[in-house]
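Listed here are the chains, written in short residue letters.
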Amino acid sequence: MSDSAGSGESGGVAGAGQDAEADNEPPQQVLPSPEGDRLEGRESSVEGAPTSAKRARLSEEEQGLEQVAKPAKMHGETPAQPDWLHEDTAQPAQRTGEPLQCEEKGQEGEDVPVSAGGEDECHENGDGGCEAPLEGGETKPEGEHNGNGSADSAGDGQHLGLDFTQSPQMLTGSWTEYSNLPENYLKGCKWAPDGSCILTNSADNVLRVYNLPPEIYSYNWDLLPEMSPVLRMAEGDTIYDYCWYPKMSSLDPDTCFLASSSRDNPVHVWDAFYGELRASFRPYNHLDELTAAHSLCFSPDGTQLYCGFDKTVRVFYTERPGRDCEERPTIVKKQGQSGIISCFGFSPCQSVYACGSYSRCAGLYSCQDGTLLALLPTRHHGGLTHLLFSPDGNYLYTGGRKDPEILCWDLREPGKVVFSLKRNVATNQRIYFDLDPSGRYLLSGDTEGVVSVWDTQTAPPDSNEEQLQPQLRFQTHWDCTNGISIHPFMPLLATSSGQRQFPWPGDSEGDSASDGEGGKAVMSPQEIRQDNALTLWWAGPLGAATEGNPEQSTSVVEA
């Protein structure tokens, strides 16, 4: 591995688009079997971790919901080729030496242009087509309900084995890790592009990497222990944003890295095998002062890193750490998108990226020079915190803080809202949502700990700002479910929970003897239950034994 200490300016980020190995060549390092860690050099820093994940997640008395017991073993004895999994992904590719389908593109060391017209620039795991451009209003593919996937193709979410006719089943999670410090709530979770591990952010300013438990592959769910992080990467201050390198593959350690931004710090690039600092990108403002990026996103081919600032986007080249960057103002001659750029998204089929800002609007820009192509109307009640393109590139989903709606925009008619999705967001916290690779199912948590699942194909073809009702709502945590991430090729969900808690004044009722302050109200000890945890959920078909036992599954929340 390259030098990782210090500012990391002595060299570029290894393997970022030019040193990656070809698919037909053996990897530089042979990885161990799924029973071990992803790399022999990676050691878990947690000793004596609990060996049981059978923690009661919900209480009947306090929640009025059924208690979630330990998951039962799946019905069936042939885990090598389970029914829920596509034939070519029956075993984890990063363990067997066969690269994932989504990693076969752009790994030969060639810079894949963002504007290319083939499959390379489409969503890494999506099956949506690339027929419709951003403008022009071409007709939708045949059989398509609302442009998010063909109704008759394998891209309807079934290739993942997702089954939302019943509530997902809790498998395991990590909660002891976040109980050592008070109010160490999580701030989101993101699966690695190759699905081998998951990344979390929390209030203690530490990024943690968890390996996917190998027992999940063999259905030994009764033996699932509580998850423990294999890597911890500590930032110096509040973490604003973080993202994986999009071409990350465990077969090539040089591609295993991620970027993070924190207050009063440069953008850091972390090695995802050893947890060491690889490089730094240092953005400076007009006063030559170091300034922190509020949002981060790699370009689809991984050659560029986009950073969001106040009315400005700075673009760094992944291979060239340091302070050299391209500045792209979002306001030119007092026209454009104002506010802090809070989130990014790249179209899977067009040379276009979207920026969301705290000014409650989203803009579409050209990847070549940052030219503003369209500015969507201001419809949100709060600043945008997250946005996603549909796999076919025709639709853009946006969500904001203290905003109860996720809006679906038709980019073939910029400014048109196709439908809205209602969720409960009562805080300024960033509440993530996610699309499955086909674009059919959209999932989002809320401040009440409930996850809603919407089937976007149920929207009428000519719907006009109609509210789409969720297909399923289920309780995942006691506290706010702020992060949700769908596994790239397995029917697994990851959720993260927690939020900042504020103590409430005690009710003294004027009894000076009881409060000792002459009748003044005092702050009572915090009695709000906290649920700071990372949890994995099985969203595939359940076995016959599990289906017959409702206590084995999460309770459905009545709409």
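Residues numbered from 1 in each chain as written. Predicted model: local features only at pLDDT ≥ 70, side-chain atom pairs only at ≥ 80, totals over all residues. Heavy atoms only, no water.

Colleague: What is the right way to look at the environment of threonine 385 in this model?
Modeller: One can find threonine 385 in strand 20 (residues 384-389). Apart from the residues lying within four places of it in its own chain, the contact partners of threonine 385 are Ser342, Cys343, Tyr358, Gly399, Gly400, Arg401, Arg430 and Ile431. (Helix = DSSP H or I, 4+ residues; strand = E, 2+ residues; numbered from the N terminus. Contact = heavy atoms within 4.5 Å.)

Colleague: What is the right way to read the sheet that holds strand 4 (residues 206-211) from this model?
Modeller: Strand pairing in a sheet is mediated by backbone hydrogen bonds. Such pairs are either parallel or antiparallel. The strand order across the open sheet built from four strands is 2-3-4-5, with neighbouring strands paired in antiparallel fashion. Strands at the two margins of the open sheet, each flanked by one partner only, are strand 2 (186-191) and strand 5 (231-234). In this sheet, neighbouring strand axes are inclined to one another by 20° on average, regardless of whether the strands run parallel or antiparallel. The pairing of strand 2 with strand 3 (residues 197-202) spans four bridges and is antiparallel. Residue pairing across strands places leucine 186 opposite serine 202, the latter belonging to strand 3. (Pairing = 2+ DSSP bridges. Axes fitted to C-alpha atoms, helices over the stretch in contact; angles between N-to-C directions.)

Colleague: Help me out: how do you make sense of the packing of aromatic side chains in this one?
Modeller: A ring pair, where both rings are aromatic, is described by two values, the distance of the centres and the angle of the planes. This model, assessed by the stated rule, comprises 14 aromatic pairs. Taking 5.7 Å as the distance between ring centres and 85° as the angle between the ring planes, the aromatic pair formed by tyrosine 245 and phenylalanine 298 counts as edge-to-face. With tyrosine 245 in the loop between strand 6 (239-244) and strand 7 (257-262) and phenylalanine 298 in strand 10 (residues 295-298), this residue pair connects regions lying 53 residues apart in the sequence. Given the relative accessible area of 1%, tyrosine 245 is considered buried. Between phenylalanine 257 and phenylalanine 298, the aromatic rings sit 6.1 Å apart at their centres with planes inclined by 70°, giving edge-to-face as the arrangement. One end of the pair, phenylalanine 257, is in strand 7; the other, phenylalanine 298, is in strand 10, and 41 residues separate them in sequence. Among the residues examined, phenylalanine 298 registers a relative accessible area of 5% and is labelled buried. An aromatic cluster is defined as three or more aromatic residues linked by ring pairs; in this entry it consists of Tyr306, Phe344, Phe346, Tyr353 and Tyr365. Sitting above the plane of the tyrosine 358 ring, arginine 401 keeps its charged end 4.1 Å from the centroid. (Phe/Tyr/Trp six-rings, centres within 6.5 Å; stacked < 30°, edge-to-face > 60°. Buried < 20%, exposed > 50% of the residue type's maximum accessible area, 1.4 Å probe, protein only. Lys NZ or Arg CZ within 6 Å of the ring centre and 35° of its normal.)

Colleague: What should I look at first to understand unusual backbone geometry in this one?
Modeller: Peptide bonds are, in most cases, trans, and in most cases residues other than glycine have a negative phi. Positive phi outside glycine occurs at lysine 333, with the angle close to 55°. Mapped onto the elements, lysine 333 comes out in the loop between strand 14 (331-332) and strand 15 (335-336). Take lysine 333: its relative accessible area is 78%, and that puts it in the exposed class. In this model, lysine 334 sits at a positive phi of 65°, which is unusual for a non-glycine residue. Along the chain, lysine 334 turns up in the loop between strand 14 and strand 15. Relative accessible area serves as the criterion here: at 79%, lysine 334 is assigned to the exposed category.

Colleague: Sorry if this is basic, but what is going on with the state of the cysteines here?
Modeller: In a disulfide, the sulfur atoms of two cysteines are held together by a covalent bond. Counted by the stated rule, this structure contains zero disulfides. Cysteine 307 forms no disulfide, and the closest cysteine sulfur to it belongs to cysteine 325, at a distance of 8.0 Å. The class for cysteine 307 is buried, based on a relative accessible area of 0%. (Disulfide = S-S within 2.5 Å.)

Colleague: Looking at this structure, I do not really get the nonpolar core. What am I missing?
Modeller: A general tendency of soluble globular proteins is for nonpolar side chains to be buried together. Counting residues in hydrophobic clusters, the biggest one holds 22 residues, and the most contacted among them are Leu212, Ile216 and Leu492. Mapped onto this core, the elements with two or more residues apiece are strand 2, strand 30 (492-497) and strand 31 (534-538). By size, the runner-up hydrophobic cluster in this structure holds 19 residues, among which are Val209, Cys256, Leu258 and Ala272. (Core = buried A, V, L, I, M, F, W, Y, C linked by side-chain atoms within 4.5 Å.)

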